[in-house]
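One letter stands for each residue in the lines below.
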Amino acid sequence: MSASNSRPSTLHLPAGDWRTVLDCLCDHFPAIDRATWLDRMARGRVLDARQQPIGPQHAYRVGLRIHYFREVPNETPVPFQERILHLDEHLLVADKPHFLSVMPAGEYVEETLLARLCKRLGNPDLVPIHRIDRLTAGLVLFSVNPQSRGAYQALFRERAIHKRYEAICPALPGLEFPLRRQLCMVPGEPFFLMREGDGEPNSETLIEVLERRDRLWRYALTPVTGRKHQLRLHMATLGAGICNDPFYPQLLPREERDQDDYSRPLKLLARGLRFRDPLSGEPREFESRLQLAW
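Each value, and the rule that gives it
- Residues numbered from 1 in each chain as written.
- Predicted model: local features only at pLDDT ≥ 70, side-chain atom pairs only at ≥ 80, totals over all residues.
- Heavy atoms only, no water.
- Helix = DSSP H or I, 4+ residues; strand = E, 2+ residues; numbered from the N terminus.
- Buried < 20%, exposed > 50% of the residue type's maximum accessible area, 1.4 Å probe, protein only.
- Phe/Tyr/Trp six-rings, centres within 6.5 Å; stacked < 30°, edge-to-face > 60°.
- Lys NZ or Arg CZ within 6 Å of the ring centre and 35° of its normal.
- Axes fitted to C-alpha atoms, helices over the stretch in contact; angles between N-to-C directions.
- Parallel < 35°, antiparallel > 145°, perpendicular 65-115°, else oblique.
- Left-handed = near helix turned anticlockwise from the far one by under 90°.
- Contact = heavy atoms within 4.5 Å.
- Nonpolar A, V, L, I, M, F, W, Y, C, P; charged D, E, K, R; others polar.
- Lys, Arg positive; Asp, Glu negative; His and termini not counted.
- Salt bridge = Lys/Arg side-chain N within 4 Å of Asp/Glu carboxyl O.
- Core = buried A, V, L, I, M, F, W, Y, C linked by side-chain atoms within 4.5 Å.
- Polar contact = N/O pair within 3.5 Å; in protein donor to acceptor, adjacent residues only side chain to side chain.
- Disulfide = S-S within 2.5 Å.

Trainee: Would you explain unusual backbone geometry in this entry?
Mentor: Outside of glycine, negative phi angles account for most residues, and trans bonds account for most peptide bonds. Of the consecutive residues F177 and P178, the connecting peptide bond is found in the cis state with omega at 0°. Cis geometry is found at the peptide bond from Y248 to P249, where omega equals 0°. One non-glycine residue, H229, lies in the positive phi region at around 60°. Mapping H229 onto the fold places it in the loop between β15 (216-223) and α5 (230-237). A relative accessible area of 10% means that H229 is categorised as buried.

The following block contains the structure:
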């Protein structure tokens, strides 16, 4: 059994007619049986707002804040290692490998960048300031210090940080580059996809060509906006879906998506981050040491 030792998840109990916290948790998470919650409580894996263990008879109250540690049985190890590129009293910059989630989600708890770094550094206060997809490799910026976290989070809200990606995709000899791609992006079907919709563009990417090799080119992608799957959809709608993308331009069958093929990573890399430090005012720039293989 894999359990996250770094940071619990938090739930504010919803309105209902439950007698105990246990009853509420069993109804709220139907995929987790009562015996599992009882076992977690017995091991001190369910806590109240004061970080004290909660027992099976703890009375339910609407809005009560509960902390619990997510656990995934037989969690699959991700056989690639992250690299710390920079660490100071405020920031950590890591190179994330393909196939590793930034945050715990779904079937991954310990095998995530956050959990690995918290354990490696012994710092439970680490928080990612932004995220990249599990299948994307490259730079992820973490806040180390809760006191300065807000100043760095504001960089992303205010679009004051310059992000640069690289991708290997089919050649587009009929287009002129640099090219600014603008799309109206809307939720698609299934729910985790995005698609091109009607209406005013709400996403923009600057696309440049870095290298040409026969049928495949290496592109520099600079997102002006930060929509979900923006780079993947922008390239796919140009007719040059990113190599090994299981979602765009065509959604692979679920059994193929659920089985990671480590020999075929998504050819997308978060290459660079550049910004002016909100505390010191100094320019800062970070570059991934990873490379996309042709």
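There's more to say after this.
Trainee: Explain the packing of aromatic side chains here, please?
Mentor: The description of an aromatic ring pair rests on the distance of the ring centres and on the angle between the ring planes. The final tally for this structure, using the stated rule, is 14 aromatic pairs. Measuring from ring centre to ring centre gives 5.4 Å for W18 and Y60, while their planes differ by 70°; the resulting arrangement is edge-to-face. Separated by 42 residues along the polypeptide, W18 in the loop between β2 (9-12) and α1 (21-28) and Y60 in the loop between β3 (46-47) and β4 (65-68) bring together distant segments of the chain. Comparing W18 with Y60, the two get one shared label, buried. With 6.0 Å between their ring centres and 45° between their planes, W217 and Y219 make a pair best called tilted. Judged by its relative accessible area of 0%, Y219 is buried. Taken together, the aromatic side chains of F191, F192, F247 and Y248 make up a single cluster linked through ring pairs. Positioned above the aromatic ring of W217, the side-chain terminus of R212 is 4.5 Å from the ring centre.

Trainee: Explanation requested: the packing of α1 against helix α2 (residues 34-42) in the structure shown.
Mentor: When two helices pack together, their arrangement is given by the angle between their axes and by how far apart the axes lie. Running from N to C, α1 and α2 point in directions that differ by 130°, and their axes come no closer than 10 Å. Comparing their axes, α2 and α1 come out oblique. Read as a crossing pair, α1 and α2 show a hand that is right-handed. When α1 is examined against α2, the residues L22, D23, L25 and C26 are found in contact with a partner set consisting of R34, W37, L38 and M41. Class assignment of the residues belonging to the contact of α1 with α2 gives a composition of 6 nonpolar, no polar and 2 charged.

Trainee: Which parts of the structure should I look at to understand helix α4 (residues 149-157)?
Mentor: One turn of the α-helix equals 3.6 residues, which is why residues spaced by three or four share an orientation. What α4 keeps buried is the set R149, Y152, A154, L155 and F156. At its buried positions, α4 is contacted by β7 (91-96), β8 (127-128), β9 (137-143), β10 (161-170), β16 (268-276) and β17 (283-287).

Trainee: What is the right way to look at the side chain of K267 in this model?
Mentor: Take K267: it is sitting in the loop between α6 (254-258) and β16. Comment: no salt bridge for buried K267; closest opposite-charge side chain is D261, at 11 Å. Dropping the residues within four chain positions of it, K267 is found in contact with E166, A167, I168, I242, C243, N244, L292 and A293.

Trainee: I would appreciate a short explanation of the pattern of salt bridges in the present structure.
Mentor: Between side chains of opposite charge, pairing is possible as soon as their charged atoms come close. For the structure on display, the rule yields 19 salt bridges. The residue R116 makes a salt bridge to E111 at a minimum N-O spacing of 2.7 Å. Like R116, the residue E111 is buried in the burial classification. Across the salt bridge formed by D260 and R134, the nearest N and O atoms sit 2.8 Å from each other. Of this pair, D260 sits in the loop between α6 and β16 while R134 sits in the loop between β8 and β9, and the two are 126 residues apart along the sequence. One network of salt bridges, with partners in common, ties together E166, E211, R213, R218 and R271.

Trainee: Explain α5 to me, please; I cannot follow it from the model alone.
Mentor: For α5, the tally of buried residues reaches 7 of 8 residues, placing the bulk of the element in the interior. Of the positions making up α5, those classed as buried are Q230, L231, R232, L233, H234, M235 and A236. Downstream of α5 by a residue or two, G239 has a phi angle that is positive, lying close to 95°.

Trainee: So what exactly am I meant to see when it comes to the nonpolar core here?
Mentor: One broad trend across soluble globular proteins is that nonpolar side chains are buried collectively. One finds L126, F142, Y219, L221, M235 and L268 to be the most contacted residues of the largest nonpolar core, which totals 35 residues. Contributions of two or more residues to this core are made by β7, α3 (113-121), β9, β10, β14 (203-213), β15, α5 and β16. Broken down by element, this core gets its largest block of residues, 4 residues, from α3. By size, the runner-up hydrophobic cluster in this structure holds 17 residues, among which are L22, L25, M41 and I54.

Trainee: Before we go on, may I ask you to explain the environment of W18 in this structure?
Mentor: Separated by 41 residues in sequence, W18 and A59 have C-alpha atoms that sit 8.7 Å apart. If we ignore the near neighbours within four places in the chain, the residues touching W18 are D23, C24, D27 and Y60. A polar contact is formed between the side chain of W18 and the side chain of D27, at a distance of 2.6 Å.

Trainee: Explanation requested: the state of the cysteines in the structure shown.
Mentor: A covalent bond between the sulfur atoms of two cysteines is referred to as a disulfide. Inspection of the entire model under this criterion finds 0 disulfides. As a non-bridged cysteine, C26 has C24 as the owner of its nearest cysteine sulfur, 9.2 Å distant. With relative accessibility at 14%, the residue C26 sits in the buried group. No disulfide involves C169; its sulfur sits 6.1 Å from the nearest other cysteine sulfur, which is in C243. Since its relative accessible area comes to 0%, C169 is described here as buried.

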